[in-house]
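# An overview of the molecular structure
Here's the letter readout for the chains.
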Amino acid sequence: MRERPSLSASCAASLLLLLGIAAKAQSPGLALEALPRPSTPPAEAGPVVPAQVQRWRQEGVAYEHGDGVPRDPVRAAQLYCRAARYGDPQAQYSLAWMLTHARGIERDDAQAAHLFAAAAEQGMVQAQNMLASLGTPRGAPPACLRPPESDPAPPTAVAVAPRPQPPRPVAPLQAQPAPPNAPEPIVRYVNLTAPEYRLAPNLVLAVMATESNFDPWAVSPKNAQGLMQLMPDTATRFKVRQIQDPVQNIRGGMAYLRWLLAYFEGDLALVLAAYNAGERAVERYQGVPPYAETRHYVQRILSTLGGQRLHPFDPAVTPPSSVLKPVRDPTRAR
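Residues numbered from 1 in each chain as written. Predicted model: local features only at pLDDT ≥ 70, side-chain atom pairs only at ≥ 80, totals over all residues. Heavy atoms only, no water.

## As for the pattern of salt bridges
Per the counting criterion, the structure on display carries 12 salt bridges. The salt bridge partner of arginine 82 is glutamate 44, with a shortest N-O separation of 2.8 Å. Placement of the pair is arginine 82 in helix 3 (residues 73-85) and glutamate 44 in the loop between helix 1 (9-26) and helix 2 (50-65), with a sequence separation of 38 residues. Taking the shortest distance from any N to any O, the salt bridge between arginine 280 and glutamate 283 comes out at 3.1 Å. Placement of both arginine 280 and glutamate 283 in helix 12 (residues 279-285) is noted, with a separation of three residues, approximately one turn of the helix. Since its relative accessible area comes to 53%, arginine 280 is described here as exposed. The exposure class assigned to glutamate 283 is buried, which follows from its relative accessible area of 7%. Each member of the salt-bridge network shares a partner with another, and the members are Arg37, Glu106 and Asp108. (Salt bridge = Lys/Arg side-chain N within 4 Å of Asp/Glu carboxyl O. Helix = DSSP H or I, 4+ residues; strand = E, 2+ residues; numbered from the N terminus. Buried < 20%, exposed > 50% of the residue type's maximum accessible area, 1.4 Å probe, protein only.)

As structure tokens, this is what we get:
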């Protein structure tokens, strides 16, 4: 994989200007707008594993640079797009780079800003520098960052029936064995306390296992702490005074899960994505964000829960997301 150079924000802005001038000078008879605009790749057939995403990105590199295959910028852009949808930050960055430099495809700084932002949000320094030169993305994310068609469709607005029927409660999550490494005192406490928050204990334990592996002293590089890996702002938001106290940490995590379930009307994929990446990221991308870590996080926990995607929620906790305009679906839990 060819590494892109890391640039400061000011150098990146200057380079973009110079390259734009150079491109026009080298091709006086061809306007940048005349370059091809790659079409959005079709939906993938069947499940997509990380190794496939990596192959798309590697093939994109080969077609972009002509390594072992004829150079084909449009094919490269489509391969990067396929990998970008599944959260590959290097593919997101490479496609954005092609769009800002008109590397064989039509220039599109607006789309590039979204792609740089997605890669930057995953910690890619080069993308952070490029985003600083382009500014805050505007408008809806492009197709290459929208949730893949294989993901459950996010709720969409529908007309309200004149006489809505009472909601039918969703069945509780099926009981699952506790993770084998879960300490017995924690399992007992979660089983006792989760019903207070209208949560299935196996949901809480699955989140805890993925977040901290049951280590009460765990601290992430982003300063998420404790068994439920609460960020300090989240702990304050849910009135956790001692974030390292196991009992307070568990209760804070449960309170946040309860709030997210109400906000996303019981949709577990959105709830888990928000617990990992924040509810604003879920709203921005209208589904599970295109972050590799978040996508793997959601898939891992849903698999632990037997693939169940709905969980009962308490609508009195908070109104639902106005950004997602959720369906008033009578099959969703109340």
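Further notes follow.
## Side note on the state of the cysteines
For the coordinates displayed, the defined rule picks out one disulfide. Paired by a disulfide, cysteine 81 and cysteine 144 hold their sulfur atoms 2.0 Å apart. Torsion about the S-S bond of the cysteine 81 and cysteine 144 cystine: about -105°, corresponding to left-handed handedness. On the criterion of sequence distance, the pair formed by cysteine 81 in helix 3 and cysteine 144 in the loop between helix 6 (125-134) and helix 7 (184-193) is long-range, its members being 63 residues apart. Each member of the pair, cysteine 81 as well as cysteine 144, carries the same accessibility label: buried. (Disulfide = S-S within 2.5 Å.)

## Some points on the packing of aromatic side chains
Evaluated as defined, the whole model comprises eight aromatic pairs. Seen in terms of ring centroids, tryptophan 259 and tyrosine 263 are 4.6 Å apart; in terms of plane orientation they differ by 20°. Their pairing is stacked. Residue tryptophan 259 and its partner tyrosine 263 are located together in helix 10 (residues 246-263), separated by four residues, close to a single helical turn. Tyrosine 263 matches tryptophan 259 in its accessibility class, with the two residues each being buried. Summarising the aromatic geometry, the rings of tyrosine 285 and tyrosine 291 are spaced 6.0 Å apart at their centres and angled 80° between planes, so their arrangement reads as edge-to-face. Under the relative-accessibility criterion, tyrosine 285 is labelled buried at 2%. Among the aromatic residues, ring-to-ring pairing joins Tyr93, Trp97 and Phe116 into one connected group. The ring of tryptophan 259 has arginine 237 sitting right over it, with the charged end atom 4.5 Å from the ring centre. (Phe/Tyr/Trp six-rings, centres within 6.5 Å; stacked < 30°, edge-to-face > 60°. Lys NZ or Arg CZ within 6 Å of the ring centre and 35° of its normal.)

As far as function goes, none of this settles anything; it's purely spatial.
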